[in-house]
Amino acid sequence: SIKVEWVDPNSGTTDYVIYRQDTPISIESLPAPLAIVPSSAREYIDDTVVRNKLYHYVVASRKGADIAYTPNKPIAYMPYTGPGPQDIKRGDWGFGYFGRMPVSELFTAQELKLGIGLTAGIEIAAASAADAVWLKFVHKGKIIFVPSCIFYNTITWEQLYKAGLLFGAIPSSDWPDYPKTTWGIIPQNKILTRYNGDHSFIVRTPSSRVATNITGTSIPDYVGGEFDTILAYAHLTRSSPDTQGYKQVDDLSNGHYNYSCDISSSASCIYRGNNGGSIDTVGYAGVTSQGTAFYGWRPLLELIF
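Residues numbered from 1 in each chain as written. Predicted model: local features only at pLDDT ≥ 70, side-chain atom pairs only at ≥ 80, totals over all residues. Heavy atoms only, no water.

Asks: For this particular structure, what's the right way to read the packing of aromatic side chains?
Replies: We describe a pair of aromatic rings using the distance from one ring centre to the other and the angle between the two ring planes. Under the criterion given, the structure shown has 25 aromatic pairs. Between the aromatic rings of W157 and Y161, the centroid separation amounts to 6.2 Å while the plane-to-plane angle is 5°, which identifies the pairing as stacked. One end of the pair, W157, and the other, Y161, are both in helix 2 (residues 157–162), four residues apart, so they sit about a helical turn from each other. Assessed through its relative accessible area of 0%, W157 is described here as buried. For Y161, a relative accessible area of 0% puts it in the buried group. Positioned above the aromatic ring of Y233 is the side chain of R238, whose terminal nitrogen or guanidinium carbon lies 4.5 Å from the ring centre. (Phe/Tyr/Trp six-rings, centres within 6.5 Å; stacked < 30°, edge-to-face > 60°. Helix = DSSP H or I, 4+ residues; strand = E, 2+ residues; numbered from the N terminus. Buried < 20%, exposed > 50% of the residue type's maximum accessible area, 1.4 Å probe, protein only. Lys NZ or Arg CZ within 6 Å of the ring centre and 35° of its normal.)

Shown next, in the form of structure tokens:
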């Protein structure tokens, strides 16, 4: 079950209407009420939820013809969130940060490369350093692990695509056209297991945009993508405007350019971050030509429930 709680400083409230939806709720287009509770209530127990699924709640306070609405509240019933910390340190179930865990508790760079059968790329020294860690997040109901640095450089976007490590479970119809028409539709749903098979993860690449098939290059195109939402708030500096209103969750330094799974033009991929600058700085690199020490892959692991 999920407990929905609220505070109402007003007096004379007639009752409260609880709304629930899988996606953020618009006041202009409300779903059917989930429940109506008396004015004395300040919480509601929703026992109709499904495990490991994100819901959005809005509570309406009714006083005659006057109605006041709470903001959307994302809540999920996730009694277990996989390896590592179990309590959200900052944020909520829409975007929350659980904290750090040593790479040895999940996958080291060597273990990951061996497990997925990747032959391209050179492991960077930072990936095996003592302070290398995995960062654990929840983002739009998904439990996500991202390392504190890129794992391998001297690797190209093309090599990652051909190894099935870019798009995860995103349907092929949502991929940009360039890889599909150039190299064919190569399965991307690479899965890796750990802990005697108790945990499985989709191994993929963070996205710079909400929709990977968008090719625009203006700031609004990047709002809400995984680099913009997850990684930018875990680093000391960011260059793009803070459109999400989140607080910084960690204080990582920046270093190296990170590939994302997005194409910006017919033959260019997007990279994020730079050496000594902001993690969410946007740049563009040739899909097949960039395989240098300056460009690398920061893998993203998505927990399979």
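Asks: How should the nonpolar core be read in this particular structure?
Replies: Note that soluble globular proteins tend to have their nonpolar side chains buried in a common cluster. Judged by nonpolar contacts, the single largest core of 63 residues is most densely connected at W6, L112, W134, F145, W157, W297 and L301. With residues up to four places along the chain from it excluded, the contact list for L301 reads L106, F107, L112, W134, I143, I144, F145, F201, I202 and V203. With 17 residues, the next largest nonpolar core counts I144, A232, Y233 and V249 among its residues. (Core = buried A, V, L, I, M, F, W, Y, C linked by side-chain atoms within 4.5 Å. Contact = heavy atoms within 4.5 Å.)

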